[in-house]
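Topology and contacts: notes
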Amino acid sequence: MLNRMGSIKRGLAAVLLVLVFARVAAAEEKRLPVPAVSIRAGELIRDDMITERAFASNVLGVAMFIEGRQVLVGRMARRALLPGQPIPTNSVEDPWTVARGAMVKVVVEDSGLSIVTYGAAMQSGAPGALIPIRNTDTGVIIRGIVQPDGTVKVVDGS
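Our subject in this report is the structure included herewith. Quick caveat, the model's predicted, so the values are computed rather than measured. (Residues numbered from 1 in each chain as written. Predicted model: local features only at pLDDT ≥ 70, side-chain atom pairs only at ≥ 80, totals over all residues. Heavy atoms only, no water.)

Observations concerning the overall build of the protein chain
- Check the secondary structure of the protein chain and you find two helices and nine strands.
- Taken from N to C terminus, the helices and strands of the protein chain fall in the order α-β-β-α-β-β-β-β-β-β-β.
- Taking the contacts inside the protein chain whose residues are at least 6 apart along the sequence as the reference set, 42% of them involve residues at least 24 apart.
- When the accessible surface of the protein chain is totalled, it reaches about 10,400 Å², and 58% of it is carbon and sulfur. (Helix = DSSP H or I, 4+ residues; strand = E, 2+ residues; numbered from the N terminus. Contact = heavy atoms within 4.5 Å. Areas by Shrake-Rupley, 256 points an atom, 1.4 Å probe, with all protein chains shown as cover.)

Below, the structure is given as C-alpha cells:
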C-alpha cells in the first residue's frame, strides 16, 4: 500500500512538473505579426494582409522583428515578405511621395523670395527624405527635401 502511494505521488509530481513546464513555455512565447499572404516589394501593407503567429522568445534575433501590427499597416514593403515569416524591422518603410524619374515641383526659398521650377527626381523618397533632383532646364543636379505634398524644397548650399 505504501509503495502504491509512493507511485501515485511520483505520478502526480510528474504531471505537475509537465504542467509547470508547459506554462513556462507558453509564457516564453512571443506573438509577432506575419504576412497572411505574399507581399511584393513596393506594395502597401493593408490590415487584412497581416495575421499573428507565436514564436519562442529565445529564438535568436526575435528582437529584430516588428512586434506590432500598427507599425506595418499603411507602410510599404522594401522587399518580398513571405506568409508566416516574421518581418524584419528594416524590410518596411514609409510610402514614397516622390517616385524615381517623376517630374516634381522644386521650390527654392530665401529671404522672402520664392522660386519654383520643375525637375526629375533621381531617387524615390518619402516626406523628409533628402533626394537628388536634376533641373530639367540646366541639367544641374540639386538636393532637396521631399515635402508631404510631393514638392521638393531645395536645401541651403545645394
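Here's the deal with the environment of Glu67
- One can find Glu67 in the loop between strand E2 (50-56) and helix H2 (69-72).
- Along the backbone, Glu67 and Ile87 are 20 residues apart, and their C-alpha atoms lie at a distance of 8.7 Å.
- Leave out the neighbours within four places in its chain, and Glu67 touches Lys30, Arg31, Leu32 and Pro33.
- At a separation of 3.2 Å, a polar atom in the side chain of Glu67 contacts the side chain of Lys30. (Polar contact = N/O pair within 3.5 Å; in protein donor to acceptor, adjacent residues only side chain to side chain.)

Structural notes on the environment of Gly84
- If you trace the backbone, Gly84 turns up in the loop between strand E3 (76-77) and strand E4 (92-93).
- Classification of Gly84 as buried rests on a relative accessible area of 18%.
- Measuring from C-alpha to C-alpha, the distance between Gly84 and Val37 comes to 8.2 Å, with 47 residues separating the pair along the chain.
- Those residues in contact with Gly84, other than ones at most four positions away along the chain, are Val34, Pro35, Arg53 and Phe55. (Buried < 20%, exposed > 50% of the residue type's maximum accessible area, 1.4 Å probe, protein only.)

Some words on the side chain of Ser91
- One can find Ser91 in the loop between E3 and E4.
- Judged by relative accessible area, which is 1%, Ser91 ranks as buried.
- Polar side-chain contacts of Ser91 include one of 2.7 Å to the backbone oxygen of Pro88.
- Not counting residues up to four positions away in its chain, the partners in contact with Ser91 are Met76, Ala77, Arg78, Arg79 and Leu81.

Description of a nonpolar patch on the surface
- A cluster of nonpolar residues, Met103, Val116 and Tyr118, forms a patch on the protein surface that exposes about 310 Å² of accessible area.
- Residue position: Met103 is located in strand E5 (residues 103-110).
- For Met103, a relative accessible area of 51% gives the class exposed. (Patch = residues over 30% accessible without salt bridge, like charges linked within 9 Å, V, L, I, M, F, W, Y side chains within 5 Å. Salt bridge = Lys/Arg side-chain N within 4 Å of Asp/Glu carboxyl O.)

Some words on the sheet that holds strand E9 (residues 152-154)
- Reading around the barrel, the five strands line up as E5-E6-E7-E8-E9 and close back on themselves, with mixed pairing between neighbours. For this sheet, the mean inter-axis angle between neighbouring strands, taken without regard to orientation, is 50°. (Pairing = 2+ DSSP bridges. Axes fitted to C-alpha atoms, helices over the stretch in contact; angles between N-to-C directions.)

A look at the pattern of salt bridges
- Per the counting criterion, the structure on display carries seven salt bridges.
- In this structure, the salt-bridge partner of Arg75 is Asp94, at a minimum N-O distance of 3.3 Å. Residue Arg75 is found in the loop between H2 and E3, and its partner Asp94 is found in the loop between E4 and E5; the two are separated by 19 residues along the sequence.
- Note on Arg75: relative accessible area 22%, which makes it partly exposed.

Regarding the pairing of strand E8 (residues 141-146)
- Bridge analysis of strand E7 (residues 130-135) against E8 gives five bridges, and the strand direction is antiparallel. Counterpart to Arg134 in the pairing with E8 is Ile141.
- Hairpin connection, E7 to E8: the antiparallel pair is bridged by five residues, and Gly139 has positive phi, about 80°.
- With three bridges connecting them, E8 and E9 associate as antiparallel partners.

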